[in-house]
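Spelled out, the chains give:
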Amino acid sequence: GAGVSQSPRYKVAKRGQDVALRCDPISGHVSLFWYQQALGQGPEFLTYFQNEAQLDKSGLPSDRFFAERPEGSVSTLKIQRTQQEDSAVYLCASSPDAASSYEQYFGPGTRLTVT
Amino acid sequence: DQQVKQNSPSLSVQEGRISILNCDYTNSMFDYFLWYKKYPAEGPTFLISISSIKDKNEDGRFTVFLNKSAKHLSLHIVPSQPGDSAVYFCATANTGNQFYFGTGTSLTVIP
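A short tour of the structure in this document, coming up. (Residues numbered from 1 in each chain as written. Chains lettered and ligands numbered in written order. Predicted model: local features only at pLDDT ≥ 70, side-chain atom pairs only at ≥ 80, totals over all residues. Heavy atoms only, no water.)

Turning our attention to the overall build of chain B. Counting its secondary structure elements, chain B contains zero helices and 11 strands. Going from N to C terminus, chain B has its helices and strands arranged as β-β-β-β-β-β-β-β-β-β-β. Rg of the C-alpha trace for chain B: 13 Å, near the compact-globule value of 13 Å for 111 residues, within the 12% margin. With the C-alpha coordinates of chain B rotated into their principal frame, the extents come out at 40 × 30 × 20 Å. Relative to its full complement of 111 residues, chain B shows a buried share of 45%. In chain B, of all internal contacts separated by at least 6 residues, the share reaching a separation of at least 24 is 52%. (Helix = DSSP H or I, 4+ residues; strand = E, 2+ residues; numbered from the N terminus. Rg over C-alpha atoms; globule rule 2.2 N^0.38 Å. Buried < 20%, exposed > 50% of the residue type's maximum accessible area, 1.4 Å probe, protein only. Contact = heavy atoms within 4.5 Å.)

Here it is as structure tokens:
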């Protein structure tokens, strides 16, 4: 079956531009997570949704970062006025339900490069 | 401050031998521990997990050990195969659904 997909796979943005990164979770998965992975580091938690509710956004690094999941399926991570330090791979993960969200299924990521 | 540490960035093992990957964590309140495997240009894939009430979990060639007093987690792969060559991340979680990942260990299994 289809796994988690993310688009675009690669994005180059000029400093100051806004970007939108899309995540299509596995159909029916309740929980959705966004992570930021800098080069040579592990994924760092950004935010968590349970259906359409954003239950935790404590990992978002600044108010330039915004995530939504309006219908409880597809999610978009938006970064406004991108900065060079935003360059990273952005990973999305989903899990079947809140109780078993320990086992996450990751997408391939979007590599964002800010020039 | 890093909640999860993988102090070995890389590890090389001969095919057929045991691979041992290590992970240390700081917060004794974590209640679930996981290992993920990652190939280049792909997202991490779940490998094996263990809850804080256990000290060992085995799945085929993969065994995870948890030493709560030492706040230490390890993954044993035996026998190691060339297809196991990848980056391995340990991760911890609490009931708040916040996950913390280590920086990864790149395993190379030499044929």
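All right, on to the sheet that holds strand 3 (residues 19-25) of chain B then. Residue and element names in this part refer to chain B. Here five strands make up an open sheet; going across it, the order is 1-3-8-7-6 and the pairing antiparallel. Of all strands in the sheet, those bounded by a partner on one side alone are strand 1 (4-5) and strand 6 (56-59). Taken together, the six bridges between strand 3 and strand 8 (residues 72-77) define a ladder with antiparallel strand orientation. Residue pairing across strands places serine 19 opposite isoleucine 77, the latter belonging to strand 8. (Pairing = 2+ DSSP bridges.)

Residue-level contacts link 21 residues of chain A with 22 residues of chain B. Between chain A and chain B, the buried area comes to about 1,600 Å², and carbon and sulfur atoms account for 56% of it. The tally of links from chain A across to chain B stands at zero salt bridges. The tally of links from chain A across to chain B stands at two residue pairs in polar contact (both at pLDDT 80 or more). Elements with a minimum of two residues in the side of chain A that touches chain B: strand 4 (31-37) and strand 5 (44-50) of chain A. When residues in the side of chain A that touches chain B are grouped by element, the largest group, three residues, is from strand 4 of chain A. Of the residues belonging to the side of chain A that touches chain B, the class tally is 10 nonpolar, eight polar and three charged. (Buried area = accessible area lost by both parts, 1.4 Å probe. Salt bridge = Lys/Arg side-chain N within 4 Å of Asp/Glu carboxyl O. Polar contact = N/O pair within 3.5 Å; in protein donor to acceptor, adjacent residues only side chain to side chain. Nonpolar A, V, L, I, M, F, W, Y, C, P; charged D, E, K, R; others polar.)

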